[in-house]
Amino acid sequence: MRAELLPAAFADSMRALLGDEEYTSYIKSFGEDWKPGLRANGLKIRPEELTAILPWRLEPVPWVKTGFYYDGDQARPSRHPAYYAGLYYLQEPSAMTPGELLPVEPGDRVLDLCAAPGGKSTQLGARLLGEGLLVSNDISNSRARALLKNLELAGIPNICVTSESPERLSQVFPLYFDKILVDAPCSGEGMFRRDGEMVKDWALKGPAYYAPLQREILAAAVTMLRPGGTILYSTCTFSREEDEGTVEYALNRFPDLELKPLDTGLVPGACGGIGLDGCMRLFPHRIKGEGHFLALLRKKERGGESVTAGDGGVTAGKVAGDSARTGTADLRGNRREKAEARETAKGRGMVRNFPGQVKKGRNTPAAADIEELEAFLAQLSLPVPRERLSVRPEGVYLLPNGMEQPPSLRFLRTGLLLGELKKGRFEPSQALAMALKKEQYPVTVDFTMEDERAVRYLKGETVALAEGEGPVKGWCLVCAGGYPLGWAKGAGPVLKNKYYPGWRWM
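Attention here is on the structure that accompanies the text.

The rules behind the values
Every chain's residues receive numbers from 1 upward, in the order its sequence appears when written. Restriction of local features to residues with pLDDT of at least 70 applies here, the model being predicted, together with a cutoff of 80 or more for giving and counting side-chain atom pairs; totals for whole chains, interfaces and linings are based on all residues. Derived side-chain values reflect all non-hydrogen atoms in the structure, with water molecules and hydrogen atoms excluded from consideration. Two strands are said to pair when DSSP picks up at least two bridges between them. Under the DSSP-based scheme used, a helix requires at least four consecutive residues in state H or I and a strand at least two consecutive residues in state E, with every element numbered from the N terminus. Geometry of aromatic contacts follows a simple scheme: Phe, Tyr and Trp rings, the Trp one being its six-membered ring, pair when their centres are within 6.5 Å, and the pair is stacked under 30 degrees between planes, edge-to-face over 60, tilted otherwise. To sort residues, take the accessible area from a 1.4 Å probe on protein chains only and compare it with the maximum for the residue type: under 20% means buried, over 50% means exposed, and anything in between is partly exposed. Our definition puts a charge over a ring when NZ of Lys or CZ of Arg is within 6 Å of the ring centre and also within 35 degrees of the ring normal. One less than the number of residues in a helix, times 1.5 Å, gives the span that helix is expected to have. We call a set of buried residues a nonpolar core when its members are Ala, Val, Leu, Ile, Met, Phe, Trp, Tyr or Cys and they connect through side-chain atoms within 4.5 Å of each other. Residue contacts are counted whenever heavy atoms from the two residues lie within 4.5 Å of one another. Between N-to-C directions, angles span 0 to 180 degrees; the directions come from axes that are lines fitted to C-alpha atoms, helices contributing only their stretch in contact. Oblique is the label for any angle not under 35 degrees, not over 145, and not in the 65 to 115 range, which are roughly parallel, roughly antiparallel and roughly perpendicular in turn. Take the far helix as your reference; a near helix turned counterclockwise from it by less than a right angle gives a left-handed crossing, and one turned clockwise gives a right-handed crossing. Note on residue classes: Ala, Val, Leu, Ile, Met, Phe, Trp, Tyr, Cys and Pro are nonpolar, Asp, Glu, Lys and Arg are charged, and everything else, Gly too, is polar.

A few points about the sheet that holds strand β19 (residues 444-447)
Strands belonging to one sheet form pairs held by backbone hydrogen bonds; the direction of such a pair is parallel or antiparallel. Here 5 strands make up an open sheet; going across it, the order is β19-β21-β22-β23-β20 and the pairing mixed. A strand with exactly one partner marks an edge of an open sheet, and here the two such strands are β19 and β20 (463-464). Of the pairings in the sheet, the one linking strand β22 (residues 483-492) to strand β23 (residues 494-497) comprises 4 bridges and is antiparallel in character. Looking across to β23, one finds that A491 is bridged to V494.

The structure is reproduced here in structure tokens:
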């Protein structure tokens, strides 16, 4: 957008924040094009391998190991088979920074509290390397569904996707997570250059609206953080009230929190906090990216215990589940959940709860169904511990380690959806295809990235096999360049398309 269209109140606040000279540089940046980016999915491919596959020039983002800039006038990265193989995610370069600086290790319990549309969650999930647990939450159900798609496209198996308020999650997960990302909703001042619509939103809901909401969200996150754990708090705004002000609020409210200084030298052009040392600010006139704020908080350990109190009587580090519910409001919540459960039973509600053990009843799978499932699983070179296998009427799930008995929450997904049992046959899921490597399933057809049949497959068409590629019988994993795209059913010299209709190339 043009700088002259900026609201006068915002322009005045930025001049006061930056000073006259630097404010002039900031305004000049509005005459420059913003630079789009993409990030390699480290769960599937190394950055150097991705650059060899893609037909356009990529320029590394200096502070993100897997990040690249691309020329938006020359490249259409969302129209390439590698995108549909989940090999990369389209993400503004500054927005890659929180997921890069939160010190996630394989095996961690990680929460992305405000996760949609999923850029930072897919980044965190890739860094877990399939180990530990990633809970990705968004309070908006529609946004959480987009989040789920992006996580499954990235092939991340150890997920729980929820649509809950931070307060509700804090009742269920007291002192539970090792690492938490709070990329808080904000007034969006850092995105004004890229998206002029954000200016209209700012005029309606500015820093005074968002700051109390951010503090409520961050406070809920602190109660879910185990002693010794870390929170990365970030926004895409410049407002000190929303940035350093919110961090100062948390530090004052929770005496067991400390600010862990971020090294601004890791991001060329980054600067420190304003009135609070140890934070990091990104400005579009200083870096090749948009505006962002970051602060890393750690919960102190005191003899193995934390000052921050969890809910009374709940054991730290364990899922509290329904035992955390008390009071009239929660009784109303129980009635709401029962109503939603009835809708789920009718096929209209969302997936909610997946006990690890199959209970006998009218929905118990038939023996023939279980045999079909076991026969398919026997073909996979993928560990499927039976104690984590949940067979339900709507699907078969591989539950994340430690979540064999998930609590009663608004789940969109718990673990990896393996597929569905349908009258004596098992149909593998799109999510399973994306989580597999080519060598983990015995029957595959592998097109080159340039083969037009790869695109035809992604469009949902029946695909003919060339001489020497068939015949193929039964379930087949369709790949491009050695990376899975989805399933097909072999019928001799042709592949009957089983690519998920909602993901098709349009």
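Alright, that's what it looks like, and here's the rest.
Quick notes on the packing of aromatic side chains
Evaluation of the coordinates by the stated rule reveals 22 aromatic pairs. Ring geometry for Y26 versus F30: centroids 5.3 Å apart, planes at 90°, classification edge-to-face. As far as burial versus exposure is concerned, Y26 and F30 are alike and both buried. For the ring pair Y233 and F293, a centre distance of 6.4 Å and an interplane angle of 70° mean the geometry is edge-to-face. With Y233 in strand β9 (residues 225-235) and F293 in strand β13 (residues 292-299), this residue pair connects regions lying 60 residues apart in the sequence. With respect to burial, Y233 and F293 carry one shared label: buried. For the cation-ring pair, R109 lies above Y176, with the distance from its terminal atom to the ring centre recorded as 3.9 Å. The cationic tip of K288 hangs over the ring face of Y69; the distance from NZ or CZ to the ring centre is 5.1 Å.

Observations regarding helix α10 (residues 207-224)
Here α10 is 18 residues long and its end C-alpha atoms lie 26 Å apart, about the 26 Å a rise of 1.5 Å per residue gives. Those residues of α10 that fall on the buried side of the exposure criterion are P207, Y210, A211, Q214, I217, L218, A219, A220, A221, V222, T223 and M224.

As for the nonpolar core
For soluble globular proteins, nonpolar side chains are generally found buried alongside one another. Within the largest apolar cluster, 37 residues are counted, with the highest numbers of intra-cluster contacts made by L38, L87 and L495. The set of elements that each furnish at least two residues to this core consists of β1 (37-40), β3 (67-70), α4 (81-84), β19, α15 (452-458), β21 (472-480) and β22. Once you skip the residues sitting within four places of it in the chain, L87 turns out to touch R39, A40, N41, K44, I45, L50, I53, A82, M449 and Y483. Formed by 36 residues, the second largest nonpolar core is a distinct cluster that contains A219, A250, L259 and L409.

A closer look at the sheet that holds strand β15 (residues 395-398)
Strand order in the open sheet formed by 4 strands is β14-β15-β17-β18, with antiparallel pairing between adjacent strands. With partners counted over all chains shown, the strands left at the sheet margins are β14 (389-392) and β18 (426-428), one partner each. Pairs of neighbouring strands in the sheet enclose a mean axial angle of 25°, with direction left out of account. As judged from the 4 bridges shared by β14 and β15, these two strands associate in the antiparallel manner. Paired with S390 across the strands is Y397, a residue of β15.

Description of the packing of α10 against helix α11 (residues 244-253)
Look at α10 against α11: their axes get within 10 Å of each other, and the N-to-C directions meet at 40°. Regarding the angle of α10 to α11, the classification is oblique. Between α10 and α11 lies a crossing whose hand is right-handed. Of α11, the residues touching α10 (which contributes A211, Q214, R215, L218 and A219) are G245, T246, Y249, A250 and R253. Residue composition of the contact of α10 with α11, by class: 5 nonpolar, 3 polar and 2 charged.

Interpretation note: all reported values are geometric properties and have no functional meaning in isolation.
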